Amino acid sequence: MKPLDPLRKALRRDRVFDFMMPQVVFSPDLDVSHGPILYLEDVTVSFDGFKALNNLSLYIDDGELRCIIGPNGAGKTTMMDVITGKTRPDSGSVFFGQKIDLLRLSETDIAQGGIGRKFQRPTVFESHTVYENLELSLAADKGVWPTLFASLNQAQKDRIDEILEVIALTEQRHHLAGTLSHGQKQWLEIGMLLAQSPRVLLVDEPVAGMTAQETERTAELLTSLAGKHSVVVVEHDMEFVRSIARKVTVLHEGSVLAEGSMDEVQNDPRVIEVYLGE
Amino acid sequence: MLLGRFYHSDRGGAILLAGLFLLAIVVPVLNLVVPESSPFHLSTYTVTLIGKYLCYALLALALDLIWGYCGILSLGHGAFFALGGYAMGMYLMRQIGDRGVYGNPELPDFMVFLNWQELPWYWLGFDMFWFAMLMVVLVPGLLAFVFGWFSFRSRVTGVYLAIITQALTFALMLAFFRNEMGFGGNNGMTDFKDILGFDLQADSTRVALFLASVVALAVSYVACRFIINSKLGRVIVAIRDAESRTRFVGYQVERFKLWLFVFSAVLAGIAGALYVPQVGIINPSEFAPLNSIELVIWVAVGGRGMLYGAVLGALLVNYAKTYFTAAFPDLWLFALGALFVLVTIFLPKGLVGLWKKRGKEPEP
């Protein structure tokens with residue numbers, strides 16, 4: 001290795017530094033003219049040699065409701081981490097619309113730009129009321145100074161009331177979020193996503209720990225959201241997936257094993273093998 | 001009307017402000033108007049002592065803002081307090097002029113003693129009051145900004161942050177102990193003569209400093225309350241409870257933490273600047289890690305996450321300290337330790353938690 005090599009590498013001329021790139025503009029008219037709103041191509045993530053994602057390619061259409069299933073360790077959560085900027089992949093590309101490269105953006109930018117995420121375990125702000133939880137999530141200028149002097153205008157208040165209606169928590173609006181039941185917390189979290197007015201909702205295991213009745217309501221809620229938003233649901237509960245899914249993607253060992261309608265997927269011999277074992 | 005709303009939303013705070021207002025009237029009257037022969041006369045010593053407690057209370061308020069509401073446990077907040085104090089001390093040193101032991105009009109005594117020929121560059125400007133006051137705010141603020149910038153950006157939290165803040169104040173203590181630093185070494189700065197031309201030993205100056213402490217505490221309390229009641233306050237509590245959720249909601253957590261940390265450091269600096277002229281000395285022992293830990297105990301005892309709790313804790317513990325160290329000097333540290341243990345086990349919300357039941361006000 002020549003002594004100058006590191007210098008040459010640092011000053012490569014075929015590269016554009018991040019700070020030189022044009023500012024990313026998340027505009028409401030995101031370019032989705034080719035159909036998909038999220039593009040994941042050849043994404044690989046490895047942790048200490050273990051490939052959590054292995055050349056994963058996945059496209060989510062605008063307004064689609066997509067379910068992603070797969071056994072434990074198939075890389076479902078890692079995939080969400082990559083999309084939301086929590087984990088950077090070793091290789092591959094992730095685009096939002098056709099122009100926005102998500103790999104260059106921080107978690108906060110991505111969240112503000114229109115990709116909302118619900119965690120596996122419901123995480124809401126427990127010492128705030130339901131109303132305040134939604135207020136904090138509401139799309140607004142989220143800089144420090146604007147936040148210090150922020151107050152809700154009528155349109156925003158109406159929006160919160162509307163969301164409370166959708167997630168059926170109008171009566172609990174002044175309860176502390178920490179006192180809600182598990183299912184209500186899940187809904188509140190979905191409501192918080194809605195308040196951000198996202199284009200894409202990533203929902204990780206929304207019905208884990210819910211009663212049958214709550215599950216049913218959640219299914220209704222998620223199906224009603226599709227169309228206006230793209231919804232990506234990761235779930236273990238096959239019954240639930242069957243009840244909402246139009247298109248299902250099966251992940252296995254970090255890449256897509258099968259894709260199609262629930263029936264097609266369930267009859268796929270490879271899927272059966274993965275789920276039922278050899 | 002505004003006061004009425006304030007009273008309803010923050011009863012403890014309203015009581016605190018009323019108490020401060022009362023102090024601001026009663027203490028000067030008892031000291032200056034009531035003759036010394038009267039049993040109601042308040043000695044200047046006591047006035048200064050209360051003033052000192054109020055500075056501690058302001059410091060506790062600053063810590064409670066970041067620890068109680070944002071979950072940032074700083075074990076080095078004494079450093080910002082001491083830096084504010086040093087900035088004030090430098091001004092007071094320059095005010096001595098040629099009345100020092102060596103009679104040098106330019107150089108403070110300790111520099112003459114070290115055979116220094118001229119004032120170091122970082123002492124320039126400290127003969128002007130406004131400049132010194134600017135530094136009282138800027139120096140702790142800047143240190144907090146740089147320190148916070150690096151630690152919050154690297155997502156250092158919890159006990160690790162506590163340890164490095166502790167290291168920060170320890171490092172500063174060692175640095176300020178060195179004579180070559182030009183801040184008086186281990187003797188620090190003392191023997192102050194006057195402030196803004198007023199004799200520091202005069203009763204009226206003492207009372208004025210006391211009043212300044214009252215005002216500073218009251219204004220800071222209202223400012224902190226404003227922050228906590230704003231949306232920013234709710235974001236801060238959200239960061240404490242679920243940091244990564246806050247990030248995914250779209251807030252730049254680091255910036256909020258940094259902003260709050262700097263604000264808190266500035267309050268601590270102001271507290272230090274008011275403290276020094278009242279006690280008449282500033283030396284590196286103010287940086288001692290033990291001080292910062294004691295500060296955490298005040299806040300815990302009073303009730304963290306409640307602004308007036310921190311104030312109450314600082315006042316009570318320091319009063320107890322004054323009493324115990326005079327009556328049973330050997331027992332104080334044991335008493336302090338026992339107090340902390342008992343409060344942690346039996347009163348997780350501190351003393352104010354005893355009567356305060358947390359109930360949310362309905363949205364207006």
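The rules behind the values
- Residues numbered from 1 in each chain as written.
- Chains lettered and ligands numbered in written order.
- Predicted model: local features only at pLDDT ≥ 70, side-chain atom pairs only at ≥ 80, totals over all residues.
- Heavy atoms only, no water.
- Helix = DSSP H or I, 4+ residues; strand = E, 2+ residues; numbered from the N terminus.
- Rg over C-alpha atoms; globule rule 2.2 N^0.38 Å.
- Buried < 20%, exposed > 50% of the residue type's maximum accessible area, 1.4 Å probe, protein only.
- Contact = heavy atoms within 4.5 Å.
- Lys, Arg positive; Asp, Glu negative; His and termini not counted.
- Charge placed at Lys NZ, Arg CZ, Asp CG, Glu CD.
- Pairing = 2+ DSSP bridges.
- Axes fitted to C-alpha atoms, helices over the stretch in contact; angles between N-to-C directions.
- Expected span 1.5 Å × (residues − 1).
- pLDDT = per-residue confidence, 0-100.
- Core = buried A, V, L, I, M, F, W, Y, C linked by side-chain atoms within 4.5 Å.
- Buried area = accessible area lost by both parts, 1.4 Å probe.
- Salt bridge = Lys/Arg side-chain N within 4 Å of Asp/Glu carboxyl O.
- Nonpolar A, V, L, I, M, F, W, Y, C, P; charged D, E, K, R; others polar.
- Right-handed = clockwise from strand over helix to strand, strands pointing away.
- Patch = residues over 30% accessible without salt bridge, like charges linked within 9 Å, V, L, I, M, F, W, Y side chains within 5 Å.
- Areas by Shrake-Rupley, 256 points an atom, 1.4 Å probe, with all protein chains shown as cover.
- Phe/Tyr/Trp six-rings, centres within 6.5 Å; stacked < 30°, edge-to-face > 60°.

Q: Help me understand the overall build of chain A, please; the structure alone is not making it clear to me.
A: Secondary structure assignment for chain A yields 11 helices and 10 strands. Over its C-alpha trace chain A gives a radius of gyration of 20 Å, about what one expects of a compact globule, namely 19 Å for 278 residues. Residue burial in chain A is summarised as follows: out of 278 residues, 49% are buried. Put simply, 67% of the contacts in chain A that link residues at least 6 apart link residues at least 24 apart. Of the charged side chains in chain A, 28 are positive and 41 negative; the average position of the first set lies 7 Å away from that of the second.

Q: Whenever I open this one, the environment of T218(A) confuses me. Can you help?
A: Residue and element names in this part refer to chain A. With respect to the helices and strands, the residue T218 is situated in helix 8 (residues 212-225). Residue T218 is classed as buried on the basis of its relative accessible area of 0%. Spatially, the C-alpha atom of T218 lies 22 Å from that of H174, the residues being 44 residues apart in sequence. In this structure T218 touches W187, I190, P206, V207, M210 and F240, once residues within four positions along its chain are discounted.

Q: Please explain the sheet that holds strand 4 (residues 91-96) of chain A as it appears in this structure.
A: The strands that make up a sheet pair up through hydrogen bonds in the backbone, lying either parallel or antiparallel. All names here are of chain A. In space, the four strands of this open sheet follow the order 2-1-4-5, with antiparallel pairing throughout. Looking at which strands have only one partner, the edges of the open sheet turn out to be strand 2 (50-61) and strand 5 (100-101). Sitting on the sheet, helix 2 (residues 76-83) touches strand 1 (36-47), strand 2 and strand 4, and the angle it makes with strand 1 is about 115°.

Q: Explanation requested: helix 12 (residues 289-302) of chain B in the structure shown.
A: Residues three or four positions apart in an α-helix share a direction because the helix packs 3.6 residues into each turn. Residues and elements named next belong to chain B. Between its terminal C-alpha atoms helix 12 stretches 20 Å, which fits the 20 Å expected from 14 residues at 1.5 Å a residue. Among the 14 residues in helix 12, 11 count as buried, and that is most of the element. P289, S292, E294, L295, V296, I297, W298, V299, A300, V301 and G302 are the residues of helix 12 that are buried. Where the residues of helix 12 are buried, they touch helix 3 (44-70), helix 4 (77-96), helix 7 (158-177), helix 13 (307-327) and helix 14 (332-346). Two residues or fewer past helix 12, G303 is found with a positive phi of approximately 130°.

Q: When you look at the pairing of strand 6 (residues 115-118) of chain A in this model, what are you seeing that I'm missing?
A: Consecutive side chains along a regular strand alternate between the two faces of the sheet. Residues and elements named next belong to chain A. Neither face of strand 6 is exposed, since I115 and R117 on one face and G116 and K118 on the opposite face are all buried. The pairing of strand 6 with strand 7 (residues 200-204) spans four bridges and is parallel. The partner of R117 across the bridge, within strand 7, is L202.

Q: Teacher, can you tell me more about the confidence of the model for chain A here?
A: For chain A, the mean per-residue pLDDT works out to 86, and 92% of the residues sit at or above 70. Averaged pLDDT values for the elements of chain A fall to 77 in helix 1 (residues 5-10) of chain A and rise to 94 in helix 4 (residues 130-137) of chain A.

Q: What is the right way to look at the nonpolar core in this model?
A: Within soluble globular proteins, side chains that are nonpolar generally end up buried alongside one another. Formed by 166 residues in total, the largest nonpolar core has its most connected members in L188(A), L222(A), V233(A), W123(B), M189(B) and F287(B). At 17 residues, helix 3 of chain B tops the list of elements feeding residues into this core. Not counting the four nearest positions on each side in its chain, V233(A) is found in contact with L65(A), R66(A), C67(A), I68(A), V203(A), P206(A), L222(A), F240(A) and I244(A). The next biggest cluster of nonpolar side chains, apart from the first, holds 29 residues, and it includes V82(A), I100(A), I110(A) and L202(A).

Q: Quick question: what am I supposed to make of the sheet that holds strand 9 (residues 247-252) of chain A here?
A: Residue and element names in this part refer to chain A. Judged by pairing direction, the sheet is mixed, and its six strands sit side by side in the order 6-7-8-3-9-10 without closing on themselves. Across the chains shown, the open sheet's two edge strands, defined by having one partner strand only, are strand 6 and strand 10 (255-260). With strand direction ignored, the average angle separating the axes of adjacent strands in the sheet is 20°. Bridging between strand 3 (residues 65-69) and strand 8 (residues 230-234) involves four bridges; their strand directions are parallel. Paired with C67 across the strands is V233, a residue of strand 8.

Q: It is not clear to me how the interface of chain B and chain A should be interpreted in this structure. Could you clarify?
A: It is common to give the size of an interface as the accessible area lost on bringing the parts into contact. Counting residues at the interface gives 28 residues for chain B, matched by 37 residues for chain A. Carbon and sulfur atoms supply 63% of the area that chain B and chain A bury against each other, a total of about 3,000 Å² over both sides. Among the residues chain B hides against chain A, the three largest losses belong to K231(B), R245(B) and F248(B). Together they make up 27% of the total. At the junction of chain B and chain A, the tally comes to three salt bridges. Within the residue set of the side of chain B that touches chain A, elements represented by two or more residues are helix 8 (203-229), helix 9 (231-241), helix 10 (243-249) and helix 11 (253-279) of chain B. If you tally residues by element for the side of chain B that touches chain A, the top one is helix 9 of chain B, at eight residues. Here the side of chain B that touches chain A is composed, by residue class, of 12 nonpolar, five polar and 11 charged.

Q: Help me understand the pairing of strand 8 of chain A in this model?
A: Residues and elements named next belong to chain A. Most of strand 8 sits inside the fold, with five of its five residues counted as buried. Going residue by residue along strand 8, you find S230, V232 and V234 tucked away on one face and V231 and V233 tucked away on the opposite face as well. Where strand 7 and strand 8 come together, five bridges link them in parallel fashion. In the sheet register, D204 faces strand 8, and the bridge partner there is V234. Read as a crossover between parallel neighbours, the route from strand 7 over helix 8 to strand 8 is right-handed.

Q: Sorry, what's going on with a nonpolar patch on the surface here?
A: Residues F21(B), L22(B), I25(B), V26(B), V29(B), L32(B) and V33(B) make up a contiguous nonpolar surface patch of about 660 Å² in total accessible area. Within the secondary structure, V26(B) sits in helix 2 (residues 11-33).

Q: Would you mind showing me how to read the packing of aromatic side chains here?
A: A ring pair, where both rings are aromatic, is described by two values, the distance of the centres and the angle of the planes. Tallied over the entire structure, the rule returns 29 aromatic pairs over all chains. Seen from their ring centres, F119(A) and F248(B) are 5.1 Å apart, and the 70° between their planes marks the pair as edge-to-face. Of this pair, F119(A) sits in the loop between strand 6 and helix 4 while F248(B) sits in helix 10, each in a different chain. Between F176(B) and F287(B), the aromatic rings sit 4.7 Å apart at their centres with planes inclined by 40°, giving tilted as the arrangement. Taken together, the positions of F176(B) in helix 7 and F287(B) in the loop between strand 4 (281-282) and helix 12 put the pair 111 residues apart, joining distant regions of the chain. Of the residues examined, F176(B) reaches a relative accessible area of 5% and is grouped as buried. One aromatic cluster is present, built from ring pairs that chain together Y86(B), F110(B), W121(B), Y122(B), W123(B), F176(B), F183(B) and F287(B).

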